[in-house]
Amino acid sequence: MDKDRIVGSAKEFAGRAEGAVGDLAGDAQTQASGKAREAAGTVQNLYGQAKDAVRDATDTAASYAKDAYDNSGETFRDGTQAISKKVQDNPLGSLLIAGGIGFALALLMSRPARRPPPRWRYYG
C-alpha cells in the first residue's frame, strides 16, 4: 500500500471532520476549508491507488517477461524437434518447400529497382 493512499485517507477523514464542525458551528469558512481538505485527500488517495496499480502491472509484466525468457530455450528446442520430425517424415515435401522459398527469395533479390516516374517533362 502506497503512503499517498494512507496520507490521502487521513486528509479526507480530517476534511470530513472539519466540515462537520463547520456545519455544527454554522461557519461557512470552516465548511469550505473542510470540503477543500477532503477533496485534496481524495485526490491524493486516488494518486496512491494509481501508483499501486502501475506498480502491480509492472511487476506482472516483469514476471511474464522473466518466465518467457526462462522458457525460450525450451520452446526453441521443441520447435526445432518438431520441424526435424516433419522433415524426417516427409523429406521430398520439405525439399520442395525449401526450394520454393529459395526461388522466391532469388526473384525478390534479382529484381531491378523501380525508378519513380519523371516529375517534369520538357517539350520543345
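Everything below is about the structure printed above this text.
Residues numbered from 1 in each chain as written. Predicted model: local features only at pLDDT ≥ 70, side-chain atom pairs only at ≥ 80, totals over all residues. Heavy atoms only, no water.

Peer 1: Kindly report on the side chain of E18, identifying the contributing residues and their values.
Peer 2: Inspection of the secondary structure assignment puts E18 in helix 1 (residues 3-25). Judged by relative accessible area, which is 18%, E18 ranks as buried. Side-chain polar atoms of E18 contact the side chain of S33, separated by 2.8 Å. The residues contacting E18, other than those within four sequence positions of it, are T30, S33, G34 and R37. (Helix = DSSP H or I, 4+ residues; strand = E, 2+ residues; numbered from the N terminus. Buried < 20%, exposed > 50% of the residue type's maximum accessible area, 1.4 Å probe, protein only. Polar contact = N/O pair within 3.5 Å; in protein donor to acceptor, adjacent residues only side chain to side chain. Contact = heavy atoms within 4.5 Å.)

Peer 1: So what's going on with a nonpolar patch on the surface? Which residues, and what values?
Peer 2: A surface patch of nonpolar side chains, about 420 Å² in accessible area, is lined by I97, I101, L105 and L108. Tracing the chain through its elements places I101 in helix 3 (residues 91-110). (Patch = residues over 30% accessible without salt bridge, like charges linked within 9 Å, V, L, I, M, F, W, Y side chains within 5 Å. Areas by Shrake-Rupley, 256 points an atom, 1.4 Å probe, with all protein chains shown as cover. Salt bridge = Lys/Arg side-chain N within 4 Å of Asp/Glu carboxyl O.)

Peer 1: With reference to specific residues and values, describe helix 2 (residues 28-89).
Peer 2: Helix length check: helix 2 (62 residues) gives 87 Å between terminal C-alpha atoms against 92 Å at 1.5 Å per residue, within 8%. Where helix 2 bends most, the angle comes to about 45°, and this point is N71. Among the residues of helix 2, T30, G34, E38, G41, Q44, N45, G48 and D52 are the ones counted as buried. Considering only its buried residues, helix 2 is in contact with helix 1. Capping the start of helix 2, D27 holds a side-chain oxygen 3.4 Å from the backbone nitrogen of Q29, two or three residues further along. (Expected span 1.5 Å × (residues − 1). Bend = angle between axes of the 7 residues up to and from the residue.)

Peer 1: Tell me about the packing of helix 1 against helix 2, residues and numbers included.
Peer 2: As a packed pair, helix 1 and helix 2 sit with axes 7 Å apart at the nearest point and diverge in direction by 165°. Comparing the axis directions of helix 1 and helix 2 gives the class roughly antiparallel. Taken as a pair, helix 1 and helix 2 cross one another with a handedness that is left-handed. Tallied by class, residues from the contact of helix 1 with helix 2 come to three nonpolar, 15 polar and twelve charged. (Axes fitted to C-alpha atoms, helices over the stretch in contact; angles between N-to-C directions. Parallel < 35°, antiparallel > 145°, perpendicular 65-115°, else oblique. Left-handed = near helix turned anticlockwise from the far one by under 90°. Nonpolar A, V, L, I, M, F, W, Y, C, P; charged D, E, K, R; others polar.)

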